[in-house]
Amino acid sequence: MGKRYLEYIDSSKYIYKCKFCKCHLSSKDHLISKNFTSGSCRAYLFTNAFNVYYGESKRKELLTGLHDISYVYCENCERKMGWKYIWAAKPEEKYKEGNIILERNSLYKF
Ligand SMILES: [Zn+2]
């Protein structure tokens, strides 16, 4: 297997990196909210993430209703970083569709 090409985020604002391999995942330019939870952990909502790949879409009952989500994995170290919202049942949750949750426990803020 060849060496993976990883994107380098060039931003004057905060860069969020994978805590385990320091790979760049997103930046403050893409941050929507820090006010999310994943189980008992804090999580951040981003419009975009880099150097990640997505698992298969799954239907899940979350605290905010029924959602289709795909788990998000670090492209470099393959650890689970969070998930992407594919679809939300409730109208008030629709804004999350296409956006990405990254768990704070997996992030390293540079
Ligand atoms: Zn990583």
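Per an unreviewed UniProt entry, the recorded name for the chain is Protein yippee-like, and the organism is Blepharisma stoltei. Recorded under Sequence similarities (unreviewed entry), the UniProt text for the chain is reproduced unchanged: "Belongs to the yippee family."

Hydrogen bonds along the backbone pair up the strands of a sheet, which may run parallel or antiparallel. Spatially, 3 strands are ordered β2-β1-β9 in an open sheet, and the strand pairing comes out antiparallel. Both edges of this open sheet fall to β2 (24-27) and β9 (107-109), since each of them pairs with a single strand only. Strand-to-strand twist across the sheet, computed as the mean angle between neighbouring axes with direction ignored, equals 30°. Relative to β2, strand β1 (residues 15-18) runs antiparallel, the two being bridged by 3 bridges. Residue Lys17 lies in a different strand from β2, and its bridge partner there is His24.

Okay, the nonpolar core next. Ranked by internal contacts, the top residues of the largest apolar core, which has 15 residues, are Leu25, Phe46, Met81, Leu102 and Leu107. Going through the elements one at a time, β1, β4 (41-46), β6 (65-74) and β8 (100-103) are the ones with two or more residues in this core. Setting aside anything within four residues of it in sequence, one finds Leu107 in contact with Tyr16, Lys17, Lys19, Leu25, Tyr44, Phe46 and Leu102. In terms of nonpolar packing, the next biggest core, distinct from the first, is built from 8 residues, Phe36, Leu45, Trp83 and Ile101 among them.

Calculation rules
Positions within a chain are numbered from 1, following the residues in the order the chain's sequence is written. For a predicted model such as this one, the threshold for reporting local features is a pLDDT of at least 70, and the threshold for listing and counting side-chain atom pairs is 80 or more; totals across whole chains, interfaces and linings nevertheless cover every residue. To get the side-chain values, take all heavy atoms of the structure and skip hydrogens and water. UniProt positions are given in the numbering used here, feature names are shortened, and annotations may be inferred rather than shown by experiment. Two strands pair under a simple rule: DSSP has to find at least two bridges between them. Helix numbers and strand numbers start at the N terminus; a helix is a DSSP run of H or I with at least 4 residues, a strand a run of E with at least 2. Angular values range over 0 to 180 degrees, each being the angle between N-to-C directions of two axes fitted as lines to C-alpha atoms, with helices fitted over their stretch in contact. The set of buried Ala, Val, Leu, Ile, Met, Phe, Trp, Tyr and Cys residues whose side-chain atoms join them within 4.5 Å is what this entry labels a nonpolar core. Think of it in three bands: with a 1.4 Å probe and only protein chains considered, a residue is buried below 20% of the maximum accessible area for its type, exposed above 50%, and partly exposed in between. Contacts were defined at the residue level, with two residues in contact if any of their heavy atoms lie within 4.5 Å.

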